Structure formats: C-alpha cells, structure tokens
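Here is how the chains run, residue by residue.
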Amino acid sequence: MAPNTVVVTLERPENISLIEVNDSKSSGSMFQEKEKSASPKQFTWLLLLKAQRILAFFPWVAMSLWTVFGSIKKRVASSDPNEEDPRYRGRLYRVDYVAPLIATLSKFCIVLFMIQSMDRLVQCLGCFWIKYKRLKPVVEGEPYDIEDGSSFPMVLVQIPMCNEKEVYEQSIAAVCQLDWPKDRFLVQILDDSDDELSQHLIRDEVMSWKEKGVNIIYRHRFIRNGYKAGNLKSAMACDYVKDYEFVAIFDADFQPNPDFLKLTVPHFKGKPDLGLVQARWSFVNKDENLLTRLQNINLCFHFEVEQQVNGMFLNFFGFNGTAGVWRIKALEDSGGWLERTTVEDMDIAVRAHLNGWKFIFLNDVRVLCELPESYEAYKKQQHRWHSGPMQLFRLCLPSILKSKISAWKKANLIFLFFLLRKLILPFYSFTLFCIILPLTMFIPEAELPAWVICYVPITMSILNILPAPKAFPFLMPYLLFENTMSVTKFNAMISGLFQLGSAYEWVVTKKTGRASESDLLSLAERETKTQNEDKIQRRLSESGLEMLGKLNEINEQKAPIAKKKKNKIYRKELVLAFLLLTAAARSLLSAHGIHFYFLLFQGLSFLIVGLDLIGEQVS
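On a predicted model such as this, the values are computed, not experimentally measured, just so you know. (Residues numbered from 1 in each chain as written. Predicted model: local features only at pLDDT ≥ 70, side-chain atom pairs only at ≥ 80, totals over all residues. Heavy atoms only, no water.)

Caption draft 1: Looking closely at the pattern of salt bridges. Here the structure, examined in full by the defined rule, presents 20 salt bridges. The residue E304 makes a salt bridge to K131 at a minimum N-O spacing of 2.6 Å. Here K131 lies in helix α2 (residues 91–133) and E304 lies in helix α7 (residues 290–313), a separation of 173 residues in the sequence. A relative accessible area of 45% places K131 in the partly exposed class. Of the charged contacts in the structure, one is a salt bridge between K165 and D195, with a shortest N-O distance of 3.4 Å. Taken together, the residues K165 in the loop between β1 (155–161) and α3 (168–176) and D195 in the loop between β2 (185–191) and α4 (196–211) connect sequence positions 30 residues apart. Taken together, the shared-partner salt bridges in this structure form one network comprising K131, R280 and E304. (Salt bridge = Lys/Arg side-chain N within 4 Å of Asp/Glu carboxyl O. Helix = DSSP H or I, 4+ residues; strand = E, 2+ residues; numbered from the N terminus. Buried < 20%, exposed > 50% of the residue type's maximum accessible area, 1.4 Å probe, protein only.)

Dropping the structure here:
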C-alpha cells in the first residue's frame with residue numbers, strides 16, 4: 001500500500017464516495033461528501049415513522065380521557081352513595097363549580113346590600129332628629145330694607161333652555177315676576193335652540209317682558225358646545241356679570257314663587273364661606289300616572305332625607321342643577337362651569353366643596369317643576385344622572401386625595417357620596433335581584449334566604465316612602481319598579497365608569513308644559529297658541545307673519561300626528577322578564593314559596609316596562 005494512502009472502512013458506504021488522494025504535498029487525505037437526493041426507500045421509511053407517531057397519539061388521548069372520567073366517577077361515587085341514580089350525576093358540575101361561584105357572588109352582594117341599607121337607615125335617623133329638634137337654617141342679621149332698594153344685593157337670574165316650546169313661556173313669566181327691586185336683578189334667557197321657530201317664540205316672549213320694564217336679555221349660541229355647562233359658561237363670561245354678587249339658576253320647566261329670592265338670598269348674610277343655597281323641587285304632575293307617582297316617591301326621599309341631612313350635618317350635597325342660588329365668587333374660585341361630564345351641577349359642587357365652600361338646603365322653599373311622563377324620557381334622564389357621576393369620580397379622585405379638606409370629608413366623598421350611593425347601589429340591585437336570584441332557582445345550593453328578598457327590601461322601601469306618606473298604596477309597585485330601573489342604572493354606571501359612548505349622551509328631557517296640577521293639557525295648548533298668534537299679529541312684521549304661517553302649519557300637522565302614539569319595545573327588559581318568569585315557573589315546581597311570588601311579580605314588572613305600558617306613550 002502506498003505510503004500516502006489512508007484506508008477508511010465505512011459501515012454504510014452507499015451515500016459516501018471515497019476519493020483517494022496521492023499528493024506528496026498533502027499531509028493527509030481529504031474526504032468530500034456528496035449530496036444526493038433521497039431514495040424511494042428512505043421516503044417510505046419517513047412516512048412510516050410519521051404514521052407511527054400519529055397512531056401513538058390516539059391511545060395517549062384515550063388514556064388521558066379515561067383517567068379523567070375515572071376520577072370524575074370516583075368523585076361522584078364518593079359524593080353520593082346512590083351512584084346508580086342518574087339524577088345525582090348531573091349535579092357534579094353544578095355543585096362543585098357553578099354553585100360556589102354563585103354563592104360567593106351572592107354573599108358579596110348581600111354584604112353591599114346591608115351596608116347600603118345601614119347608610120339609608122342612618123340618614124333616616126338623621127332626618128327624624130332634624131324633625132324632632134326642629135332644626136333648620138336661619139337667617140343671620142337684619143332683613144333687607146324694603147324702602148331702600150340699594151340694600152338688596154345684585155342678583156343674576158339664568159334660564160338655560162333648548163327647544164322647549166312647551167314650557168318657555170311660564171318659566172320666563174315666573175322669573176320676571178320675582179319680588180326683588182327691578183334694578184337689582186337681571187334675567188338672562190340662555191337659548192340653545194336649534195329650531196328656528198323656537199328661537200323666534202322665545203325672543204318674542206323676552207321682548208314682551210322687556211317692554212313691561214323687566215331687565216331681561218336674550219342670548220343665543222349658534223354652536224351648542226358643552227350643552228348646558230357650555231351655555232352657562234358662555235353666559236358667565238359677559239362683562240356685566242362682574243357687577244353681580246349672586247346667580248340664581250332655573251331650568252326651563254321651573255316656576256319659582258315671587259318670594260324665592262327673598263327666602264334664599266338673605267341666608268348669605270354674615271356667612272362669607274357660604275357658596276350655595278339650594279331649594280326643594282315640587283311637582284305639578286306627580287299624580288298624572290303611575291310613573292310620575294313612583295318618581296315622586298324617589299325624589300321626595302332625595303330632598304327630605306338625603307339633601308336635608310347632608311346639608312344640615314355636613315354642609316355638603318350635590319347641587320341639583322336648578323332652583324339654587326350661587327355666590328358668584330364661589331363659582332369663580334372653583335374653576336367655573338366645566339364641560340367634561342354630563343353632570344356639570346355635581347361637578348361644580350364637588351370642586352366648591354374641595355375649596356372649602358359650604359352649602360345650605362332649604363326644605364321649606366319649594367319650586368314647581370315637571371316630572372317626565374313617559375318611560376322613554378325618564379330612562380334617558382336616569383341614564384344621564386347615573387353615568388355622569390362615574391365620569392366625575394374618575395376625574396375628581398386625584399383632586400380629592402390632594403385636597404386640603406379633612407380626612408373625614410375625603411372619606412365621605414369617596415366612599416359614601418360616590419362609591420356607595422352612585423356605584424354600589426346600582427351594582428348590587430341589578431346583580432342580586434335580577435341575575436343571581438333567578439339563577440338560584442336552577443341552582444338550589446346557592447338559594448338566597450327569605451330576609452334578603454323580602455323583609456329587608458320591604459323595610460327599606462317603607463323608609464323611602466315615609467317622606468311621601470300619601471304614596472303608601474304604591475309600596476309594592478315602587479319596590480318592583482326600582483329593581484326594574486336597576487338595569488338602566490347599572491348600564492349607565494358601567495358606561496360612565498369605562499367611558500363608553502353612551503356616557504356622553506345628552507338628551508333634553510321632554511316637557512308637556514303643565515302650569516299646575518289641575519290644568520288640562522288641551523286647554524294649556526289652546527291658550528298658548530292663542531297668545532302666540534296674538535303676539536305675532538300685534539307686531540305686524542315680516543318675521544312675525546312668517547312665524548305665524550309656520551305656527552299654523554305646525555298646528556295643522558300636529559292634529560293628526562298627536563293621535564299616533566306607539567309603544568316602544570325595550571329588549572333588555574324583555575330578556576330579563578323572560579329569565580325571571582322562567583325562574584318563577586321553576587320555583588313553583590320546586591315549591592320555593594316566597595321566592596315564587598317575588599320572581600313572578602318582578603318578571604311581570606319587567607314585562608310591563610319592556611312593552612312600554614307604564615307612563616305616557618311616545619308620539
């Protein structure tokens with residue numbers, strides 16, 4: 001063998017070729033591996049290998065499933081001795097997984113329910129104490145000199161409105177007849193109407209009162225930015241506002257008595273830290289239908305208990321947006337009106353409270369206004385009232401924590417004012433009574449006790465109805481309707497908390513223009529039409545004739561349309577009605593007793609509301 005030759009023996013020489021190199025300059029031999037395409041035999045072995053792996057997977061899955069089912073069978077056998085009875089096999093998933101979850105959530109909601117009930121009980125005790133001790137705000141110092149008009153402070157009166165042809169006339173007439181020196185107050189009519197006819201009618205009404213010697217101004221914005229907050233902010237930017245010390249605000253359907261300013265403004269004397277005096281609302285149409293009666297119960301409790309107790313013991317409550325008098329300096333120190341939420345009234349109240357201003361609530365000073373008579377209008381109003389506070393809470397929380405007010409006031413704002421009364425209340429009422437309760441009929445292991453669904457709610461409803469004793473016959477409808485409205489309030493709370501699109505909706509509440517409880521709507525409409533036509537004809541102007549033509553055209557169109565009223569369909573309420581009535585049927589078969597009656601009547605309540613059979617129908 002040659003000296004420069006190296007012999008290598010390979011076990012499988014098929015794929016490697018050996019090249020013998022005889023080179024004196026080379027110190028060894030070099031091998032080169034040639035790449036060849038796979039042979040058909042190799043490809044067959046590869047396919048067989050993959051098939052073997054796939055086939056091995058199925059026995060592994062089968063063994064795993066067999067092990068799982070075996071463990072489940074053992075648990076079922078150990079949980080119940082009667083293994084052969086199929087009724088017990090279906091309980092496994094429900095008992096071990098669903099029931100504990102529902103029971104835990106129900107216990108959490110019950111705790112929230114009891115905390116909120118205790119808060120309401122404490123407020124009622126505070127109201128009883130006020131009544132027992134006859135506590136109420138008093139005016140300090142001497143009253144204003146009637147003979148000396150200059151002793152009366154300068155007051156600005158504002159009426160923001162938007163497309164409210166039904167009520168503009170009576171509200172303007174009411175504020176123009178306030179018993180206050182004519183040269184010491186100015187009325188601002190802040191019209192955001194985008195309807196040309198409404199603008200002409202309101203402007204014409206303002207001119208008629210101006211001719212009678214009333215100091216009144218008509219303002220109209222062509223761009224309605226910020227809704228009501230933007231309207232008020234624009235009005236406060238006028239140069240002449242600096243000459244005024246106080247501002248009274250009324251919505252378009254409010255009719256203050258002539259002595260309103262004399263009952264409210266004197267409370268500011270000798271109290272430089274007093275920023276707001278709030279009056280109570282009174283309703284001209286509270287007995288119009290079942291919906292207005294139930295609203296009256298809610299609002300009577302709000303004013304008689306919540307506002308009065310908080311005003312007396314804490315000097316703070318949420319401004320109601322109307323029927324109140326502000327010290328202009330308090331508005332300016334608090335940053336003025338902001339357009340960041342749909343509850344500009346609560347926003348300015350919280351900011352003023354953080355700046356140290358105090359509030360007074362006058363329960364014996366009442367201002368007439370209207371309640372929404374249709375469920376559609378009421379639902380939109382409640383959505384705005386419950387989504388706005390959650391928007392505001394997110395925005396104000398850092399300011400509350402950084403403010404210089406006491407720790408007790410911070411805790412009251414965060415935990416009571418916002419969390420308990422604005423977030424927790426709609427959460428537990430919807431979750432506990434509309435979701436968990438019907439589900440427990442199919443999951444008896446998580447059944448709610450009778451005192452949760454009957455005794456405590458009825459007790460709380462009795463406390464709520466005490467400020468309106470004539471409404472006691474409506475106790476049960478009130479309880480059921482509040483649970484029904486929890487759907488709207490819960491949805492609004494979620495949309496406000498997470499900034500969903502519906503949180504920024506602003507819809508002007510529909511008014512009917514009732515002047516008093518005994519008025520008939522048809523008579524009021526005839527009088528309004530006659531007065532409008534007389535005023536337009538009296539002016540004999542080109543614009544007036546044009547307005548008269550438009551008014552007659554609208555009246556002709558309104559006659560046949562007025563009869564076309566229809567019921568709207570509310571899907572969420574109908575879905576919950578189906579759930580509750582199904583649960584009621586299940587409860588009847590299971591002989592649950594009081595649970596059946598509650599579910600039955602609550603389901604019927606949702607059905608009535610879902611078919612829009614409560615209140616006036618929408619035209």
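Still more ground to cover, so stick around.
Caption draft 2: Main features of the packing of helix α16 (residues 571–590) against helix α17 (residues 594–610). In the contact formed by α16 and α17, the axes pass within 8 Å of each other and the chain directions differ by 160°. By the criterion of interaxial angle, the relationship of α16 to α17 is roughly antiparallel. The two elements α16 and α17 meet at a crossing, and its hand is left-handed. Taking contact as the criterion, the partners of E573, L574, L576, A577, L580, L581, A583, A584, S587 and L588 in α16 are, on α17, H595, F596, L599, L600, Q602, G603, L604, F606, L607, V609 and G610. When the residues that make up the contact of α16 with α17 are grouped by side-chain class, the tally is 15 nonpolar, five polar and one charged. (Axes fitted to C-alpha atoms, helices over the stretch in contact; angles between N-to-C directions. Parallel < 35°, antiparallel > 145°, perpendicular 65-115°, else oblique. Left-handed = near helix turned anticlockwise from the far one by under 90°. Contact = heavy atoms within 4.5 Å. Nonpolar A, V, L, I, M, F, W, Y, C, P; charged D, E, K, R; others polar.)

Caption draft 3: Broad picture of the nonpolar core. Ranked by internal contacts, the top residues of the largest apolar core, which has 89 residues, are I189 and W326. Counting residues per element, this core draws most heavily on strand β7 (residues 358–369), which supplies seven residues. Counting 45 residues, the second largest nonpolar core, distinct from the first, contains C109, C127, L437 and F598. (Core = buried A, V, L, I, M, F, W, Y, C linked by side-chain atoms within 4.5 Å.)

Caption draft 4: Just unusual backbone geometry, in detail. Although it is not a glycine, R134 sits at a positive phi angle of roughly 55°. For Y227, which is not glycine, the phi torsion reads 55° and is therefore positive. With respect to the helices, strands and loops of the structure, Y227 is situated in helix α5 (residues 227–236).

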